[in-house]
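Summary of the model geometry
Each chain, written out:
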Amino acid sequence: MDASPTPEPRPFWLAGRPATGSAQQTVTNPYDGRVVGVHSVPTPEQVEQAVAAAHAVRHKAAALPIHVRAEALAHVARRLAERAEEFARLISAENGKPIFWARGEVNRAISTTRFAAEEARRFSGEVMRLDTDPAAQGRLAYITRVPHGPVLAITPFNFPLNLVVHKVAPAIAVGAPVIVKPAPATPLSALALGEILAETDLPEGIFSVLPVPNEQAGQLVDDPRLPVISFTGSGPVGYSIMDRVPRKHVTLELGGNAAAVVLADADLDWAAQRIALFSNYQAGQSCIAVQRVIVEEPVADVFTEKLIAAVEALVTGDPADERTQVGPLISEAAAERVEQWVKEAVAAGARVLTGGTREGTTFAPTVLTDVPRDAKVACEEVFGPVMIVQRVASVDEAFAAVNDSKYGLQAGVFTRNLDIAFRANRELEVGGVVIGDVPSYRADQMPYGGVKQSGVGREGLRSAMHDLTYEKVMILTGL
Ligand code: NAD
């Protein structure tokens, strides 16, 4: 029997204040099953109170002076920086993310919040003279962007802090109340962020963090007082939400099976190192992890050799260990699914060049080749440390292979040829093309999102602020 004391349950955040419900939920470390936290679960009545508070404060939030919004965001950035190591350890413990990557996520969350504070200061209006038309003489238009209304932010497990910040920070920047529904496997980082938000001068009701189970999330999704849903997660859940509330303003940041193209003129050592690392970072549980490697025939043998060596050099193991680069998957069920998909591919003719084995929640970094086009590891999102290598005879074939996917988040093209780079930008059906690096590159201020079944709408501070607001015009008469 485990004799270690059960940790004190963390409160959730109801309209900016800590609150406890009638039930508790335990959070475990995916690597070793250790209990890393317990939190209180909101009751339906408390969910109702949070929504009512967000609705009630919406006009006050939209009227908040810009300097108050920017200062609140700057405070969050400062406090995240002060508590960076604590947040990194929390992310690593609840998600199983190696501590090295968890520190990176905290640094990104700090940057995301700083960018939001800067963008808040640039969030201004415009005056348009209407007297260009004789009929409108004496009239003036004052144009601003105003929030659609309170935002429901639904977030996934794989970046439990930064993807929450990517929704909360732009909401504060535009003056919209926000209710966060974090992923059930990783709610602790979002709850800890609530502690920092509660220190700001933002009006009561402007934020809540409600770690409700999925079965209870429909209450939030359906509520008409939350007209905006900003969702990051899997396609089936995202589209089911969109279908459920088709009249709401829904943004979907969904999955992918990102491709990296290695052309014959590429720096093969750099490409091999980057692809090995970014197919396996976070055990492949990133929507832009490299899943499909498309390599031009003349360099395919030598590149594949370098790639296998780089993959085999990765350190897999305990996420708390400073040296670990690849940790566990989020659950045993997730690791078993990845194992099953690899087995199916092998049964259909694929060859395992390295990896392919599972130990509990940890799956070995894996490279497959000769994978049939319709195998799940080729056409679905693996969300595990598995990549497939595909040989092509030309740039035409390479780009056709990238586009041969129902997804379209980002693509990477390793080339030094500027003409091909611009051609990639024209022809690849994705939201972002990364030249000279992996598709997994994301700077937090840039527009980010997908086409096809990878989503609808864009994040990145300025884009998200645009997405959460509409253009409103006031016409002044008699001037
Ligand atoms: P998921 O779809 O299982 O869950 C996402 C969120 O939806 C969680 O908070 C979950 O609790 C919630 N949810 C589940 N059922 C719900 C329901 N019926 N009503 C309301 N909410 C519900 O995804 P996940 O496993 O947490 O995350 C992995 C997925 O997220 C992958 O597909 C990945 O590609 C995607 N993702 C996309 C991006 C992006 O920016 N495009 C970033 C990170 C992750």
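Reference entry: report on the structure contained in this document.

What counts as what
Residues numbered from 1 in each chain as written. Predicted model: local features only at pLDDT ≥ 70, side-chain atom pairs only at ≥ 80, totals over all residues. Heavy atoms only, no water. Pairing = 2+ DSSP bridges. Helix = DSSP H or I, 4+ residues; strand = E, 2+ residues; numbered from the N terminus. Axes fitted to C-alpha atoms, helices over the stretch in contact; angles between N-to-C directions. Contact = heavy atoms within 4.5 Å. Parallel < 35°, antiparallel > 145°, perpendicular 65-115°, else oblique. Left-handed = near helix turned anticlockwise from the far one by under 90°. Nonpolar A, V, L, I, M, F, W, Y, C, P; charged D, E, K, R; others polar. Salt bridge = Lys/Arg side-chain N within 4 Å of Asp/Glu carboxyl O. Buried < 20%, exposed > 50% of the residue type's maximum accessible area, 1.4 Å probe, protein only. Near = heavy atom within 4 Å. Polar contact = N/O pair within 3.5 Å; in protein donor to acceptor, adjacent residues only side chain to side chain. Areas by Shrake-Rupley, 256 points an atom, 1.4 Å probe, with all protein chains shown as cover.

Let's shift gears to the sheet that holds strand β12 (residues 259-262). As summarised here, the arrangement of the seven strands in space is β14-β17-β18-β13-β12-β20-β21, forming an open sheet in which the pairing is mixed. Pairing within the sheet leaves two strands with one partner each, and these edge strands are β14 (351-354) and β21 (432-435). Neighbouring strand axes in the sheet, compared pairwise and without regard to direction, differ in orientation by 25° on average. On the sheet, helix α14 (residues 395-403) packs against β12, β13 (292-296), β18 (386-392) and β20 (410-414) and is oriented at approximately 170° with respect to β13.

Orientation of helix α10 (residues 268-280) relative to helix α11 (residues 297-312), taken along the N-to-C sense of each, is 45°, at an axis distance of 8 Å. With respect to their mutual orientation, α10 and α11 come out oblique. When the axes of α10 and α11 are compared, the crossing they make is right-handed. For the pair α10 and α11, the contacting residues are Leu 268, Asp 269, Ala 271, Ala 272, Gln 273, Ile 275, Ala 276 and Asn 280 in the first and Val 299, Val 302, Phe 303, Lys 306, Leu 307, Ala 310 and Val 311 in the second. Taken together, the residues of the contact of α10 with α11 break down into 11 nonpolar, two polar and two charged.

Inspection of the entire model under this criterion finds 35 salt bridges. Residue Lys 306 is joined to Asp 269 by a salt bridge in which the shortest nitrogen-to-oxygen separation is 2.9 Å. On the criterion of sequence distance, the pair formed by Lys 306 in helix α11 and Asp 269 in helix α10 is long-range, its members being 37 residues apart. The exposure class of Lys 306 is partly exposed, given its relative accessible area of 30%.

Now for the environment of Thr 357. Structurally, Thr 357 is set in the loop between β14 and β15 (358-359). Distance from Thr 357 to Ala 335, taken between C-alpha atoms, is 10.0 Å for residues 22 residues apart in sequence. Once residues lying within four places of it in the same chain are set aside, the contact partners of Thr 357 are Thr 362, Phe 363 and Ala 364.

For the α-helix, the turn length of 3.6 residues means that residues three or four positions removed from each other point alike. Counting buried positions along helix α7 (residues 188-197) yields nine of 10 residues, so the element is predominantly enclosed. Here α7 has its buried residues at Leu 188, Ser 189, Ala 190, Leu 191, Ala 192, Leu 193, Gly 194, Ile 196 and Leu 197.

Our next topic: the site of the ligand. The environment of the ligand is formed by 27 residues, the closest being Thr 155, Asn 214, Ser 234, Leu 254 and Glu 381. A distance of 3.3 Å is found between an oxygen atom of the ligand and a backbone nitrogen or oxygen belonging to Gly 233. Take Glu 381: an N or O atom from its side chain is 2.5 Å from an oxygen atom of the ligand. Protein chains bury 87% of the 850 Å² of accessible surface belonging to the ligand in isolation. Secondary-structure elements contributing two or more residues to the shell around the ligand are β10 (228-232) and α9 (235-244). A breakdown of the residues in the shell around the ligand according to their chemical character gives 17 nonpolar, seven polar and three charged.

By themselves, these are just geometric observations and shouldn't be taken as functional.
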